[in-house]
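Okay, here's what each chain looks like letter by letter:
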Amino acid sequence: MSINRISLLGVPVDICSPENLENEILELLAKPGTKQIIFLSIWNLLRARHKGDYSEAIKNADLIIPVSKSILKGARFLKLDIPVRYNPFNAVIQILGILDSHYKSLYLFGSTKKTLTKTEHNIRDTFRNLRIIGRYVGYYPKSVENDIVEAIFKAQPSLVLLSDGIKEKNCWAYRRRNRFSSSIFLYYKDAFGIFSERVKRVSEKTFDKGHEMWFEIIHNPFKLFLIIPYIWYILCLVWYRLFKKK
């Protein structure tokens, strides 16, 4: 792959321009085994600095796409190459468009039956050449997990799109990576909610300014406490700038 990978506070971040995304996706499709694309927010980055499956999932991901403006500011502050930031839903649309233009396949995994059904309908209407070859709801009982894994393994979709209702989020595919053969996995919590028009999208203007957190705080005031890890992020950047050896 031709992407450039930097390390920000010890966490990998990929630099992939939108015009190169199609080539990267096609290269991933040609690569054997389980592949994973991860949308990296500042909160994901801070969590990935600790040891555990989540950190390993990030480090082993095939494409790590930054979605927080603070990641770009951090890279600039540490005088690293500046990544390209993506709006996660726009990136999902772009990826589905690439798969559609190459007649690839999709498996939908997550959310409720009603939301999943509407999501499938809207995706079929938009991406006419993209084959949806399976789906399963989220919030599922543990007793059916082996059946879900087996279904995905047998279907071998080009992409498995995971949304809300998948408790392990980005770790779901990583922890089961040896049980699949050729698919790309991508988790985005709000994907099916937005596709089904159940969840309102953050406006492009708000996202471009990096103010999407205020949109989330309006819906969940407790997210104001995220100011604490944000301050820690700033302190880590200053420490790296002053003391960390290159």
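See the structure above.
Not measured: the values here are computed from a predicted model. (Residues numbered from 1 in each chain as written. Predicted model: local features only at pLDDT ≥ 70, side-chain atom pairs only at ≥ 80, totals over all residues. Heavy atoms only, no water.)

### Side note on the packing of helix α1 (residues 21-30) against helix α5 (residues 88-101)
Heads up, the rule is: The angle between two axes is taken between their N-to-C directions and runs from 0 to 180 degrees, where each axis is a line fitted to C-alpha atoms and a helix contributes only its stretch in contact. Helix numbering and strand numbering both begin at the N terminus, where a helix is a DSSP run of H or I of at least 4 residues and a strand a DSSP run of E of at least 2. Handedness of a crossing follows from how the near helix is turned relative to the far one, being left-handed for an anticlockwise turn of less than a right angle and right-handed for a clockwise one. Residues count as neighbours in contact if any of their non-hydrogen atoms are within 4.5 Å of one another. Amino acids are sorted into nonpolar (Ala, Val, Leu, Ile, Met, Phe, Trp, Tyr, Cys and Pro), charged (Asp, Glu, Lys and Arg) and polar (every other residue, Gly among them).
At a minimum axis separation of 10 Å, α1 and α5 run at an interaxial angle of 65°. As α1 packs across α5, the resulting crossing turns out to be right-handed. Here L21, E22, I25 and L29 of α1 lie close against α5, whose contacting residues are Q94, I95, I98, L99 and S101. Partitioned by chemical class, the residues of the contact of α1 with α5 number six nonpolar, two polar and one charged.

### What to know about the pairing of strand β7 (residues 159-162)
Stated precisely, the cut-off is as follows: Between buried and exposed lies partly exposed: a residue is buried under 20% and exposed over 50% of the maximum accessible area for its type, with that area taken using a 1.4 Å probe on protein chains only. Note on pairing: DSSP must find at least two bridges between two strands before they are called paired. The crossover handedness rule: strands pointing away from the viewer, path from first strand over the helix to second strand clockwise, crossover right-handed.
Here β7 shows two buried faces, one formed by L159 and L161 and the other by V160 and L162. Bridge count between strand β5 (residues 105-109) and β7: four bridges; the pairing is parallel. Directly across from Y107, in β7, lies its bridge partner V160. Bridging between β7 and strand β8 (residues 184-187) involves four bridges; their strand directions are parallel. Paired with L159 across the strands is I184, a residue of β8. As a crossover connection, the stretch from β7 through helix α8 (residues 170-175) into β8 is right-handed.

### Brief notes about the nonpolar core
Note the following rule: The nonpolar core is taken to be a set of buried Ala, Val, Leu, Ile, Met, Phe, Trp, Tyr and Cys residues, with the residues joined through side-chain atoms within 4.5 Å.
In terms of nonpolar packing, the biggest core is built from 34 residues, with I37, L96, L106, I123 and L161 touching the most fellow members. Ranked by the residues each element gives to this core, the list is headed by α5, at seven residues. Excluding anything up to four places from it in sequence, L161 contacts V92, L106, Y107, L108, F109, L186, A191, F192 and F195. In this structure, V13, I64, I71 and Y233 belong to the second largest nonpolar core, which totals 24 residues.

### Focus on a nonpolar patch on the surface
Spelled out, the test is: Here the term patch refers to residues with relative accessible area over 30% and no salt bridge, with like charges joined within 9 Å and nonpolar side chains (Val, Leu, Ile, Met, Phe, Trp, Tyr) within 5 Å. In short, Shrake-Rupley with a 1.4 Å probe defines the accessible areas, and a residue's cover is counted only from the protein chains shown. The salt bridge criterion pairs a side-chain nitrogen of Lys or Arg with a carboxyl oxygen of Asp or Glu, the two atoms within 4 Å.
On the surface, F77, I234, V238, W239, L242 and F243 cluster together to form a nonpolar patch covering roughly 580 Å² of accessible area. Per-element accounting of the nonpolar patch gives the leading share, five residues, to helix α12 (residues 227-243). Position of I234 among the secondary structure elements: in helix α12. Residue I234 is classed as partly exposed on the basis of its relative accessible area, which comes to 35%.

### Looking at the environment of D53
What counts here: Any pair of nitrogen or oxygen atoms within 3.5 Å is treated as a polar contact; in protein, a donor-acceptor pairing is required on top of that, and neighbouring residues in sequence qualify only through side-chain atoms on both sides.
Relative to the assigned elements, D53 resides in helix α3 (residues 53-60). Residue D53 is classed as partly exposed on the basis of its relative accessible area of 36%. Expressed as a C-alpha distance, the spacing of D53 and W172, which sit 119 residues apart in the sequence, is 9.9 Å. When sequence neighbours within four positions are dropped, the list of residues in contact with D53 reads C171, Y174 and R175. Engagement of the side chain of D53 in a polar contact is seen with the side chain of R175, the distance being 2.9 Å.

### Regarding the sheet that holds strand β6 (residues 131-136)
What links the strands of a sheet is backbone hydrogen bonding, and the strands pair in either a parallel or an antiparallel sense. Across the sheet, which stays open at both edges, the six strands sit in the order β4-β3-β8-β7-β5-β6 with parallel pairing between neighbours. With partners counted over all chains shown, the strands left at the sheet margins are β4 (63-66) and β6, one partner each. The average angle at which neighbouring strand axes cross in this sheet is 20°, direction not considered. Pairing analysis gives four bridges linking strand β3 (residues 35-40) to β4, with the strands arranged parallel. Within β4, the position partnered with L40 by the bridge is P66.

### Notes on the packing of helix α4 (residues 69-77) against α12
When two helices pack together, their arrangement is captured by the angle between the axes and the distance separating the axes. Here is the rule we go by: The cut-offs work like this: below 35 degrees is roughly parallel, past 145 is roughly antiparallel, 65 to 115 is roughly perpendicular, and the gaps in between are oblique.
It is at 10 Å that the axes of α4 and α12 come closest, and there the two elements cross at 20°. Classified by the angle their axes make, α4 and α12 are roughly parallel. Like other packed secondary-structure pairs, α4 and α12 cross with a definite hand, here right-handed. Between α4 and α12, the contacting residues are S70, I71, G74 and F77 on the first element and Y230, Y233, L237, V238 and R241 on the second. Grouping the constituent residues of the contact of α4 with α12 by class yields six nonpolar, two polar and one charged.

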